[in-house]
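Residues per chain, in single letters:
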Amino acid sequence: MLLKRSFWWFWLILNILTGGISTLFLGKLLNVYEKNAWYTKWYYWFLGIFFMILPALIMLIVLIIEVTVKVCLKLDVPFKNIYKYPYPWLLGIIIPVIGWAFFVILVVYVNLFYAIKLLEGNGEKFIK
């Protein structure tokens, strides 16, 4: 029901208010999680929290970006040749100023355009 066209504004507002964490729930609705991926292993999260909180926060940010990209791929957001590979994301973090600006634009793009694709009705085919 939350994937209907009329709920696009809900996902947009929720994404803005939660800073992208709501995408994790949207990823569950679209069934983008893999059973043997790195984020399903409890000991990675335990070690991230054990060695201070910073590694766990970095892991959470990477998880949010990965799930957002998978949601965009499921909803058929354009320019997937750019954001579906890890290289633009890594270059955006590594290269100062210009890369950081590109990284911010990439994050805004994928977070905004999946809401637009929900508005166009691309999420309705995943309703069970």
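Because the structure is predicted, anything quoted here is derived from the model rather than measured.

## Topic: the nonpolar core
The biggest cluster of nonpolar side chains holds 25 residues, and the ones touching the most others in it are Leu26, Leu30, Val71, Tyr83, Trp89, Tyr114 and Leu118. Mapped by element, the contributors of at least two residues to this core are α2 (22-29), α4 (53-74) and α7 (98-119). If one sorts the elements of this core by residue count, α4 sits on top with seven residues. Contact partners of Trp89, with chain neighbours within four places excluded, come to Ile65, Val69, Tyr83, Phe103, Leu106, Val107 and Val110.

## Points about a nonpolar patch on the surface
The grouping of Leu90, Leu91, Ile93, Ile94, Ile95, Val97, Ile98 and Trp100 at the surface amounts to a nonpolar patch, some 850 Å² of accessible area in total. Note on placement: Ile95 falls in the loop between α6 (86-94) and α7.

## Looking at the packing of helix α3 (residues 42-50) against α4
Contact pair α3 / α4: the axes reach a minimum separation of 5 Å and the direction vectors enclose 135°. It follows from the interaxial angle that α3 and α4 lie oblique. Contact residues: α3 offers Tyr44, Trp45, Gly48 and Ile49, while α4 offers Ile53, Pro55, Ala56, Met59, Leu60 and Leu63. Among the residues forming the contact of α3 with α4, the class breakdown is nine nonpolar, one polar and no charged.

About the cut-offs
Residues numbered from 1 in each chain as written. Predicted model: local features only at pLDDT ≥ 70, side-chain atom pairs only at ≥ 80, totals over all residues. Heavy atoms only, no water. Core = buried A, V, L, I, M, F, W, Y, C linked by side-chain atoms within 4.5 Å. Buried < 20%, exposed > 50% of the residue type's maximum accessible area, 1.4 Å probe, protein only. Helix = DSSP H or I, 4+ residues; strand = E, 2+ residues; numbered from the N terminus. Contact = heavy atoms within 4.5 Å. Patch = residues over 30% accessible without salt bridge, like charges linked within 9 Å, V, L, I, M, F, W, Y side chains within 5 Å. Areas by Shrake-Rupley, 256 points an atom, 1.4 Å probe, with all protein chains shown as cover. Salt bridge = Lys/Arg side-chain N within 4 Å of Asp/Glu carboxyl O. Axes fitted to C-alpha atoms, helices over the stretch in contact; angles between N-to-C directions. Parallel < 35°, antiparallel > 145°, perpendicular 65-115°, else oblique. Nonpolar A, V, L, I, M, F, W, Y, C, P; charged D, E, K, R; others polar.

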